[in-house]
Amino acid sequence: MEKKLKRATLCVQAGWKPKNGDPRVLPIVQSTTFKYDNTEEMADLFDLKKEGYFYTRLQNPTNDAVASKIAALEGGVGAVLTSSGQAANFYALFNICEAGDHFVTSNEIYGGTYNLFGVTLKKLGIECTFVSQEASEEEISAAFRPNTKALFGETISNPGCKVLDIEKFARIAHRHGVPLIVDNTFPTPINCRPFEWGADIVTHSTTKYMDGHATQVGGCVVDSGNFDWDAHADKFPGLTTPDDSYHGLTYTKAFGKLGYTTKLVAQLMRDLGSIPAPQNSFLLNLGLETLHLRVPRHCENAQRVAEFLQQDDRVAWVHYSGLPGDECYELAQKYLPNGSCGVIAFGLKGTRETAVKFMDSLRLIAIVTHVADARTCVLHPASHTHRQLSDEQLREAGVAPDLIRLSVGIEDVDDILADIRQALDLI
């Protein structure tokens, strides 16, 4: 039923279906545990023989209702909330990778994710190869190995604002018998649903537009249910062979299209526990209820700001896929015809100090380590989010030393433009 509803309706109505006498608003089930009348009922839950709640580290009604809403918005079969976007990306890969495995990823990704993939996962014995998403299918395919388990990319890269050719990446992944995992944080399912273009798993930092108000840190992993794990059983034994920790249960056989998300909860949440608090999920749900209203305003404002910056002589360059002539304009017309997001990447003529002077002169627009909420904010990635990367790694990740990431909010656009103009006048 939910999949037939429009996305705006899903934002408001999906996930929580109150019965007669239930609270109309999604309740916060702020409890670690759930009571049962006898031992057998609890045992069946632990053995995954029945559905139900017994411990919030594994499942919680508030968390599950919000996960269900996000799954409906993306057109997936199931979703799991995590405590952060970083946790979502980690879980999405760790659910199918183990020591000795490998995956391929676009190098146009968020700096924290770049570090997670290139440094931290390597300590767990999982290696990755970074590729240019603009490279040919043959060049990207050359990065695959017999032990490659996934291909990863961001729909719109943070902070470079490059648009991923999802269909190209899906063809490459499926040719090699692995899923395509796409971080869809910036467009949100309001502006792009990667499953419709061949992606298999979608991740989100729900901290960003989905929450929209900078009130909670969270993430989400959504499964399309489309990837045939059994057809590539030798690559994914964790899903297609018996799990000794659950009496020999095999996830794809026991849970079908929900095998991937069930394993993520039953194994990774059980052992690692990166869950959101029910209170955080409640706040996230409030944000989701207006997502369909806020995203178009972000895009409308960002388009005006990008056009202003493009015409100002003090600006060296602007990357925003809504601008005709932008290198990603054609891809955006294909994948993001209703708008991309509110984030703009640009550089000023001058030095790194010029960028710093500009940012320090802003009055309305705040310098914060955040992006994609109702308030306009700005960041200099080379000095902040990506400062752990070398200059060579910065270039590989599409981050120029002069890149300023401007996240345009939903204030009156004339006030945003006035603040930018006065700060430019001071450099």
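Conventions we followed
- Residues numbered from 1 in each chain as written.
- Predicted model: local features only at pLDDT ≥ 70, side-chain atom pairs only at ≥ 80, totals over all residues.
- Heavy atoms only, no water.
- Helix = DSSP H or I, 4+ residues; strand = E, 2+ residues; numbered from the N terminus.
- Rg over C-alpha atoms; globule rule 2.2 N^0.38 Å.
- Buried < 20%, exposed > 50% of the residue type's maximum accessible area, 1.4 Å probe, protein only.
- Contact = heavy atoms within 4.5 Å.
- Areas by Shrake-Rupley, 256 points an atom, 1.4 Å probe, with all protein chains shown as cover.
- Lys, Arg positive; Asp, Glu negative; His and termini not counted.
- Charge placed at Lys NZ, Arg CZ, Asp CG, Glu CD.
- Pairing = 2+ DSSP bridges.
- Axes fitted to C-alpha atoms, helices over the stretch in contact; angles between N-to-C directions.
- Polar contact = N/O pair within 3.5 Å; in protein donor to acceptor, adjacent residues only side chain to side chain.
- Right-handed = clockwise from strand over helix to strand, strands pointing away.
- Core = buried A, V, L, I, M, F, W, Y, C linked by side-chain atoms within 4.5 Å.
- Phe/Tyr/Trp six-rings, centres within 6.5 Å; stacked < 30°, edge-to-face > 60°.
- Expected span 1.5 Å × (residues − 1).

Asks: Quick question: what am I supposed to make of the overall build of the chain here?
Replies: From N to C terminus, the chain includes 17 helices and twelve strands. Compactness check: the chain gives a C-alpha radius of gyration of 22 Å against a globular reference of 22 Å for 427 residues, within 12% of the reference. Expressed as lengths along the three principal axes of its C-alpha atoms, the size of the chain is roughly 70 × 55 × 35 Å. In the chain, buried positions account for 56% of the 427 residues. Sequence separation of at least 24 residues holds for 72% of the intrachain contacts in the chain that already meet a minimum separation of 6. Accessible surface computed for the chain: about 17500 Å², of which carbon and sulfur atoms make up 51%. For the chain, the separation between the mean place of its 41 positive charges and that of its 53 negative charges on side chains is 2 Å.

Asks: How should the sheet that holds strand β11 (residues 377-379) be read in this particular structure?
Replies: Hydrogen bonds between backbone atoms are what pair the strands of a sheet, whose relative direction is either parallel or antiparallel. Spatially, five strands are ordered β8-β9-β12-β11-β10 in an open sheet, and the strand pairing comes out mixed. Strand pairing shows two members of the sheet lacking a second neighbour, β8 (315-319) and β10 (366-367), which therefore form its edges. Of the strand pairs in this sheet, β8 and strand β9 (residues 343-348) are connected by four bridges, and their pairing is antiparallel. From the neighbouring strand, V315 faces β9, where its bridge partner is L348. Together, β9, β10, β11 and β12 (404-407) form the strand contacts of helix α15 (residues 352-360), whose direction differs from that of β9 by roughly 125°.

Asks: Where do I start with the environment of T185 in this structure?
Replies: Among the secondary structure elements, T185 is positioned in the loop between β5 (180-183) and α8 (188-191). When the C-alpha positions of T185 and K208 are compared, they lie 7.1 Å apart, and in sequence the two are 23 residues distant. Once residues lying within four places of it in the same chain are set aside, the contact partners of T185 are T203, H204, S205, K208 and Y209. Side-chain polar atoms of T185 contact the side chain of D183, separated by 2.6 Å. One polar contact links the side chain of T185 to the main-chain amide nitrogen of S205, over a distance of 2.8 Å.

Asks: Hey, could you run me through the pairing of strand β3 (residues 127-131) in this one?
Replies: As a general feature of sheets, a regular strand has side chains that alternate between the two faces. With five bridges connecting them, strand β2 (residues 102-106) and β3 associate as parallel partners. Following the sheet pairing, F103 is matched in β3 by C128. The handedness of the β2 to β3 crossover, carried by helix α5 (residues 111-123), is right-handed.

Asks: Hey, could you run me through the sheet that holds strand β1 (residues 78-82) in this one?
Replies: The seven strands lie next to each other as β1-β7-β6-β5-β4-β2-β3, forming an open sheet whose pairing is mixed. Each end of this open sheet is capped by a strand with a single partner; those strands are β1 and β3. Each strand axis lies, on average, 20° off the axis of its neighbour in the sheet, ignoring direction. The pairing of strand β6 (residues 201-205) with strand β7 (residues 219-223) spans five bridges and is classified as antiparallel. In the sheet register, V202 faces β7, and the bridge partner there is V222.

Asks: Is there a simple way to explain the side chain of N285 in this structure?
Replies: Tracing the chain through its elements places N285 in helix α12 (residues 278-288). Within the local environment of N285, its side chain forms a polar contact with the side chain of K69, the two groups lying 2.9 Å apart. If sequence neighbours within four positions are ignored, N285 has contacts with L26, V66 and K69.

Asks: Is there a simple way to think about the side chain of T113 in this case?
Replies: Along the chain, the position of T113 falls in helix α5. When residues no more than four places from it in sequence are discounted, the contact partners of T113 are Q86, N89, F152 and E154.

Asks: Would you take a moment to explain the nonpolar core for this structure?
Replies: Judged by nonpolar contacts, the single largest core of 121 residues is most densely connected at V305, L309, I344, F346, F358 and I420. For this core, the leading source of residues is helix α13 (residues 291-311), giving eight residues. In contact with F358, other than residues within four places in its own chain, are F346, L348, I404, I420, A423, L424 and I427.

Asks: In this structure, what is going on with the packing of aromatic side chains? I would like to understand it.
Replies: To describe a pair of aromatic rings, you give the distance between the ring centres and the angle between the ring planes. Overall, the coordinates contain 14 aromatic pairs when judged by the stated rule. Ring geometry for F90 against F94: centres 5.0 Å apart, planes inclined by 15°, an arrangement best described as stacked. Of this pair, F90 and F94 both sit in helix α4 (residues 85-94), four residues apart, roughly one helical turn. A residue is classified by how much of its surface remains accessible, and F90, at 16% relative accessible area, is buried. Here the aromatic residues F227, W229, F236 and Y260 are joined through ring pairs into a cluster of three or more.

Asks: What is the right way to look at the pairing of β2 in this model?
Replies: Here β2 lies mainly inside the structure; five of its five residues are buried. Burial along β2 is two-sided: the face carrying H102, V104 and S106 and the face carrying F103 and T105 are both buried. As paired strands, β2 and strand β4 (residues 148-154) are joined by three bridges and run parallel to one another. Each residue of the ladder has a partner; that of H102, found in β4, is T148.

Asks: What is the right way to read helix α17 (residues 413-425) from this model?
Replies: Under the 1.5 Å per step criterion, the end-to-end length of α17 is 18 Å for 13 residues, consistent within 8% with the ideal 18 Å. Of the positions making up α17, those classed as buried are V413, I416, L417, D419, I420, Q422, A423 and L424. Looking at the buried side of α17, the elements it contacts are α13, β9, α15 and β12.

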